Amino acid sequence: MPAASPDPRPLTGEPLALDLLNTRWVREGAVQDLLRDTDGLAVWLAANGLDERFAADAATLRHTLRARDALGAAVDSPADTLGVDTVLGHGRIRPTLTAEGPGERPEFRDEAWGPGWLAARNYLELLSTAPDRIRSCAHEACVLHFFDTSRNGTRRWCSMAACGNRAKASRHYARAKDA
């Protein structure tokens, strides 16, 4: 099996639900979409350690896109729960007993729902852990999301090096122009 292409996204490593949302980003004013085809899906699956279990095929792409849309709606409007609930309806957690003790295993009616279902399940975990730490980048031209793990919970930017620096530079330019 050939290795997946490098991940072109500017922000990776977020929890699965937010990482799925971050498969869409803005570069030079144009929206980029990693999930425009199954090759991009293969990159995303590999980046999240899901490539061994799930196929990067058309059905998985279709269901993963539905999950991304549902998560985006829920993050933008927390009262919009129907989409995420619909995605969650395609799987369940099965309690198991392993050599290490009690465990759980996700099961899906259709394995193509697996990646999207896991992302939706992860969103529930984030909501139960710290819902106020699920954030959208404060830069007006950025569409990325992150889970704020800063000590005091005041992170505003997806990346201080990118969006945070642009905002600081913009404020500096505005002050210099007014002076």
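Residues numbered from 1 in each chain as written. Predicted model: local features only at pLDDT ≥ 70, side-chain atom pairs only at ≥ 80, totals over all residues. Heavy atoms only, no water.

## A short note on the overall build of the protein
As a reminder, the rule being used: Elements are defined by DSSP. Helices are runs of H or I of four residues or more, strands are runs of E of two residues or more, and each kind is numbered from the N terminus. Throughout, a contact is declared for two residues whenever any of their heavy atoms are within 4.5 Å. To be clear on the numbers: accessible area is Shrake-Rupley with a 1.4 Å probe, and residue cover counts the displayed protein chains and nothing else.
Summing up its helical and strand segments, the protein has six helices and six strands in all. Going from the N terminus to the C terminus, the protein shows its helices and strands as α-β-β-α-α-α-β-β-α-β-β-α. Long-range contacts, defined as pairs at least 24 residues apart, comprise 47% of the intrachain contacts of the protein with a sequence gap of at least 6. Accessible area for the protein stands at about 10,500 Å²; split by element, carbon and sulfur atoms hold 52% of it.

## A closer look at the pairing of strand β3 (residues 91–98)
Formally: Two strands qualify as a pair provided that DSSP identifies no fewer than 2 bridges between them.
Direction of pairing for β3 relative to strand β4 (residues 101–108): antiparallel, over a ladder of eight bridges. Within β4, the residue paired with Ile93 across the bridge is Pro106. Hairpin geometry of β3 and β4 is characterised by an intervening segment of two residues between the two adjacent antiparallel strands.

## Topic: the pattern of salt bridges
Basically, it comes down to this: By definition, a salt bridge exists where a carboxyl oxygen of Asp or Glu is found within 4 Å of a side-chain nitrogen of Lys or Arg. Exposure categories follow from relative accessible area, calculated using a 1.4 Å probe and restricted to protein chains: below 20% of the type maximum is buried, above 50% is exposed, and the middle band is partly exposed.
Following the criterion strictly, the structure yields eleven salt bridges and no others. Note that Glu125 is salt-bridged to Arg121, the shortest N-O span being 3.5 Å. Separated by four residues within a single helix, Glu125 and Arg121 lie in helix α5 (residues 114–129), roughly one turn from each other. In this structure Glu125 comes out as partly exposed when scored by relative accessible area, which is 37%. Using a relative accessible area of 25% as the deciding quantity, one classes Arg121 as partly exposed. Where salt bridges share partners, they join Arg92, Arg94, Arg105 and Glu107 into one cluster.

## Examining the packing of helix α3 (residues 58–76) against α5
This is how it is decided: Axis definition: a line fitted to C-alpha atoms, over the contacting stretch in the case of helices. Angles run 0 to 180 degrees between N-to-C directions. With respect to orientation, any angle under 35 degrees is reported as roughly parallel, any angle over 145 as roughly antiparallel, any angle of 65 to 115 as roughly perpendicular, and every other angle as oblique. Two helices crossing with the near one rotated counterclockwise from the far one by less than a right angle form a left-handed crossing, whereas a clockwise rotation gives a right-handed crossing. Three classes are used: nonpolar for Ala, Val, Leu, Ile, Met, Phe, Trp, Tyr, Cys and Pro, charged for Asp, Glu, Lys and Arg, and polar for all others, with Gly counted as polar.
Across the interface, α3 lies against α5 with an axial gap of 8 Å and an inter-helix angle of 20°. It follows from the interaxial angle that α3 and α5 lie roughly parallel. Every pair of crossing elements has a handedness; the one defined by α3 and α5 is right-handed. Judged by residue contacts, Thr60, Thr64, Ala67, Leu71, Ala74 and Val75 of α3 engage Pro115, Gly116, Ala119, Ala120 and Tyr123 from α5. Its residues placed into classes, the contact of α3 with α5 shows eight nonpolar, three polar and no charged.

## Looking at unusual backbone geometry
Look at Glu28: it is not a glycine, yet its phi comes out positive at around 50°. Residue classification places Glu28 among the exposed positions, given a relative accessible area of 81%.

## Observations regarding the environment of Thr154
Its place among the elements puts Thr154 in the loop between β6 (145–147) and α6 (160–178). Residues Thr154 and Arg133 lie 21 residues apart in sequence; the distance between their C-alpha atoms is 8.9 Å. Apart from residues no more than four positions distant in its own chain, Thr154 is found in contact with Arg135 and Asp148.

## Side note on the packing of helix α2 (residues 38–47) against α3
Each pair of packed helices gets described by two things: the angle between the helix axes and the distance between those axes. Remark: α2 packs on α3, axes separated minimally by 10 Å, with the N-to-C direction vectors making an angle of 70°. As the angle between them shows, α2 and α3 are arranged roughly perpendicular. Contact residues: Thr38, Leu41 and Trp44 in α2; Ala58, Thr60, Leu61 and Thr64 in α3. The residue inventory of the contact of α2 with α3, partitioned by class, reads four nonpolar, three polar and no charged.

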